[in-house]
Amino acid sequence: MSPGPARGPGQDGGAGRRNPVRRWQLVRAGADAVPPSTRRFMARARRRRMRAALPWAVTAAVFAVAGLVAWTILGTGLFGVREVRVVGARLVTPVEVREAAAVPDDVPLARVDLAATAARVGALAPVERATVERDWPDALVIRVVERTPAAAVPQGDGYAVIDRTGVVFQTAPALPDGLAVIRVDRPAPDDPGTRAGLAVLATLSPRLRAELVSVDVAGLARITLRLRTDRTVFWGDATRGEDKSRVATALLDRQTDTIDVSAPDVVTFR
């Protein structure tokens, strides 16, 4: 028996029918093809995503702006120091204050160490304290409080002027008007004789101050007031200053050359 004819593609055995070929096509659905409930759900989801992302976007923008501002202020000379104003200087010149401050020109104003600058200015002998502040956009203001003279100490051919703490901050060729004289070997804040002489000076009555020539500190228990017309008051040490001042003032009208108030309860004079 001879074989039958060969079957071609798409032919089934015996029936001769072709298998249909399926062709797929992607078609975009119209907006009206999406149910309204689905569209509302998708819109709400988008809004939730936007609300969730908004704080992060705002934060990023704020950090970006802050970074730009910080770089402008700290890293550029746009807000650099172009002026240093000095207020309150009389014993020192503004030039001396600026040199002591040592703030370079055009250094960013925000980077100036105010405390360190004030400390450098305060190291000047006539300056008791200094404060430094920024005056935007380009200036520093240095306010100086200078020392107040309290007494003068003879040294060489002139006088060393000291304040109430014993700091020597000025020299003068002659005794400055209105200053009392304290005689000590080495005037300084840590010198016991300087402190004792200033303590005695602070307790004197106006009348004693008017008669005073000098406070002589030969030792901590050997303090003497030299008065006009060659009169002396032996003070002793610096304790009980108000009592000693009151007694010595009461005895000024007596005709005596020496008044001893070292023990103010038992006064002697001659």
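Model, not experiment: these values are computed from the prediction.

Thresholds, definitions, all that
Residues numbered from 1 in each chain as written. Predicted model: local features only at pLDDT ≥ 70, side-chain atom pairs only at ≥ 80, totals over all residues. Heavy atoms only, no water. Salt bridge = Lys/Arg side-chain N within 4 Å of Asp/Glu carboxyl O. Helix = DSSP H or I, 4+ residues; strand = E, 2+ residues; numbered from the N terminus. Buried < 20%, exposed > 50% of the residue type's maximum accessible area, 1.4 Å probe, protein only. Pairing = 2+ DSSP bridges. Axes fitted to C-alpha atoms, helices over the stretch in contact; angles between N-to-C directions. Contact = heavy atoms within 4.5 Å. Parallel < 35°, antiparallel > 145°, perpendicular 65-115°, else oblique. Left-handed = near helix turned anticlockwise from the far one by under 90°. Polar contact = N/O pair within 3.5 Å; in protein donor to acceptor, adjacent residues only side chain to side chain. pLDDT = per-residue confidence, 0-100.

Caption draft 1: Region of the structure containing the pattern of salt bridges. A complete count under the given rule lists 15 salt bridges for this structure. When the shortest N-O distance is used, the salt bridge between D216 and R183 registers 3.5 Å. With D216 in strand β8 (residues 212-219) and R183 in strand β7 (residues 180-183), the pair connects residues that are 33 residues apart, well separated along the chain. We note a salt bridge from D237 to K244, for which the minimum N-O separation is 3.1 Å. Using a relative accessible area of 1% as the deciding quantity, one classes K244 as buried. Put simply, R240, D243, R246 and D265 are held in one network by salt bridges that share partners.

Caption draft 2: Molecular detail of the sheet that holds strand β1 (residues 83-87). Read from one edge to the other, the open sheet built from three strands follows the order β1-β3-β2, with strand pairing classed as mixed. Whereas interior strands pair on both sides, the edge strands pair on one side only; in this sheet they are β1 and β2 (127-135). The sheet shows a mean angle of 20° between the axes of neighbouring strands, direction not considered. Two elements, β2 and strand β3 (residues 139-146), share eight bridges in a ladder whose sense is antiparallel. Residue pairing across strands places R129 opposite V145, the latter belonging to β3. Against the sheet, helix α2 (residues 94-101) engages β1 and β3, with an angle of about 125° to β1. Seen against the sheet, helix α3 (residues 114-122) touches β2 and β3 and runs at an angle of roughly 145° to β2.

Caption draft 3: Representation of unusual backbone geometry. Cis geometry marks the peptide bond from W136 to P137, where omega comes out at 10°. One non-glycine residue, T229, lies in the positive phi region at around 60°. On the basis of relative accessible area, T229 is assigned to the exposed category, the value being 65%.

Caption draft 4: Examining the pairing of strand β5 (residues 158-162) more closely. Here β5 lies mainly inside the structure; four of its five residues are buried. Examined bridge by bridge, strand β4 (residues 151-155) and β5 share five bridges and lie antiparallel to one another. Looking at the pairing, A152 lines up with V161 of β5. Adjacent in sequence and paired antiparallel, β5 and strand β6 (residues 168-172) are bridged by five residues, among which G166 carries a positive phi angle near 95°.

Caption draft 5: A look at the packing of α2 against α3. Two elements in contact, α2 and α3, have axes whose closest approach is 8 Å; the angle formed by their N-to-C orientations is 130°. When the axes of α2 and α3 are compared, the pair comes out oblique. Judged by the sense of rotation from one axis to the other, the crossing of α2 with α3 is right-handed. Mapping the contact onto sequence places V97, A100 and A101 in α2 and T117, R120 and V121 in α3.

Caption draft 6: Structural detail: the pairing of strand β9 (residues 222-227). What you see with β9 is a clean split: I223, L225 and L227 sit on the buried side and R222, T224 and R226 on the side with no burial. Where β8 meets β9, six bridges bridge the pair, whose relative direction is antiparallel. Paired with V217 across the two strands is I223, which belongs to β9. Joining the antiparallel neighbours β8 and β9 is a turn of two residues. Where β9 lies against strand β10 (residues 232-236), four bridges are found, and the strand directions are antiparallel. If you follow I223 over to β10, its bridge partner there is G236. Connecting the antiparallel pair β9 and β10 is a turn made up of four residues, with T229 showing a positive phi of about 60°.

Caption draft 7: Representation of the environment of R147 within the structure. Counting through the fold element by element, R147 comes out in the loop between β3 and β4. Taking relative accessible area as the criterion, R147 reaches 15% and is therefore assigned buried. Spatially, the C-alpha atoms of R147 and Q170 are 9.7 Å apart, while their sequence positions differ by 23 residues. Ignoring anything within four residues of it in the chain, the contact list for R147 reads L91, A125, P126, V127, E128, D163, T165, V167 and F169. At 2.8 Å, the side chain of R147 and the backbone oxygen of A125 are in polar contact. At 3.5 Å, the side chain of R147 and the backbone oxygen of V127 are in polar contact.

Caption draft 8: Spotlight on the confidence of the model for the protein chain. Mean pLDDT for the protein chain: 84, with 76% of residues reaching 70 or above. Segment residues 8-16 is flagged for pLDDT under 50; beyond a separation of four residues in sequence, or across chains, it makes nine contacts in the model.

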